[in-house]
Amino acid sequence: MFDYTAIIVAIITSISTITGIYLKEWLFPKRKEQKLTIKKSNCYIELDKICASIRDTIHANAVYIAYFHNGSHFINGVEMDKYTVVGEDYDCCVVSYKKSFKDVLVNNFPYLFHNLLVRNRHYCNDVSKHKFQDRCYKDELESRGMKSAYTFLIKDPIKETPIGFISLEYNIVEGFNPDDEKYIWKKQNTIANLLNLNK
């Protein structure tokens, strides 16, 4: 007599494998791959142009625009808040920020980001003073030969939520004229709209 048990086991195994593959695709679809488009590349070019315009107008040694995003998760499931530089313009003596600041944890610079969230700005008039506050940030500035930095929060114009920031850096102490802050705020919505196009 013929043993049907092996055939039944093979059929059940085949059906469960095919069903498992189908359910996996249905329940856990693959993430969409982000593709570079002309629209996005134009946004990046515009962000670089804005940085160049600001640097020329305000006479900074370096200007960069960064975009907040979530990286991955800590072991307890909490999302990691990160930022990446997406626009820049700088003197010939300064190293590119885009190379250095990719997926940087926000908690590396706690005073900087606390002040951005509370006051919409962070002034570091002299990196040699108050070294205990944001030592990592001040050490980073000094490593590039910068003596002062001024950072401004960029918010979504509709939701009023933080989406990025713009930073101006100088190789002299107290390089920024506070009267020029109005010029930075005028650029805020333009920068925010460009950052929102990159979603």
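All values reported here derive from a predicted model rather than from experimental measurement.

Quick notes on the rules
- Residues numbered from 1 in each chain as written.
- Predicted model: local features only at pLDDT ≥ 70, side-chain atom pairs only at ≥ 80, totals over all residues.
- Heavy atoms only, no water.
- Helix = DSSP H or I, 4+ residues; strand = E, 2+ residues; numbered from the N terminus.
- Rg over C-alpha atoms; globule rule 2.2 N^0.38 Å.
- Patch = residues over 30% accessible without salt bridge, like charges linked within 9 Å, V, L, I, M, F, W, Y side chains within 5 Å.
- Areas by Shrake-Rupley, 256 points an atom, 1.4 Å probe, with all protein chains shown as cover.
- Salt bridge = Lys/Arg side-chain N within 4 Å of Asp/Glu carboxyl O.
- Buried < 20%, exposed > 50% of the residue type's maximum accessible area, 1.4 Å probe, protein only.
- Core = buried A, V, L, I, M, F, W, Y, C linked by side-chain atoms within 4.5 Å.
- Contact = heavy atoms within 4.5 Å.

K.L.:
Can you help me understand the overall build of the chain in this one?
P.N.:
What the chain contains, in helices and strands, is six helices and six strands. Reading the chain from its N terminus to its C terminus gives the helix and strand order α-α-β-β-α-β-α-β-α-β-β-α. Against the compact-globule benchmark of 16 Å for 199 residues, the chain has a radius of gyration of 24 Å, which places it well outside the compact range. Judged by the C-alpha coordinates and their principal axes, the chain covers about 95 × 40 × 35 Å.

K.L.:
Is there a simple way to think about a nonpolar patch on the surface in this case?
P.N.:
Taken together, the side chains of Y4, I7, I8, I11, I12 and I15 make up a nonpolar region of the molecular surface, amounting to roughly 600 Å² of accessible area. Along the chain, I7 falls in helix α1 (residues 5-27).

K.L.:
So what exactly am I meant to see when it comes to the pattern of salt bridges here?
P.N.:
Two side chains of opposite charge can pair, provided their charged atoms sit close to one another. Applying the stated criterion to the full structure yields eight salt bridges. Residue K49 is joined to E46 by a salt bridge in which the shortest nitrogen-to-oxygen separation is 3.6 Å. Linking K49 with E46, this pair stays in helix α2 (residues 38-58), spanning three residues, or about one helical turn. Between R144 and E140 there is a salt bridge, with its nearest N and O atoms 2.8 Å apart. Residue classification places E140 among the partly exposed residues on the basis of a relative accessible area of 25%.

K.L.:
How do you make sense of the nonpolar core when you look at a structure like this?
P.N.:
Buried together is how nonpolar side chains tend to be arranged in soluble globular proteins. Counting residues in hydrophobic clusters, the biggest one holds 24 residues, and the most contacted among them are I54, I65, I166, L168, I191 and L195. Of all the elements in the fold, those that place two or more residues in this core are α2, β1 (62-73), β5 (148-155), β6 (162-170) and α6 (181-197). Top contributing element to this core by residue count: α2, with six residues. With residues near it in sequence (within four places) discarded, I65 still touches L47, I50, C51, T84, V85, V86, G87, F165, I166, I191 and L195. Ranked by size, the runner-up nonpolar core spans 22 residues in total, among them A62, Y97, L141 and M146.

K.L.:
Mind showing me how you'd approach the environment of W26 here?
P.N.:
Counting through the fold element by element, W26 comes out in helix α1. Exposure remark for W26: the relative accessible area of 58% places this residue in the exposed category.

In short, geometric facts, not functional conclusions.
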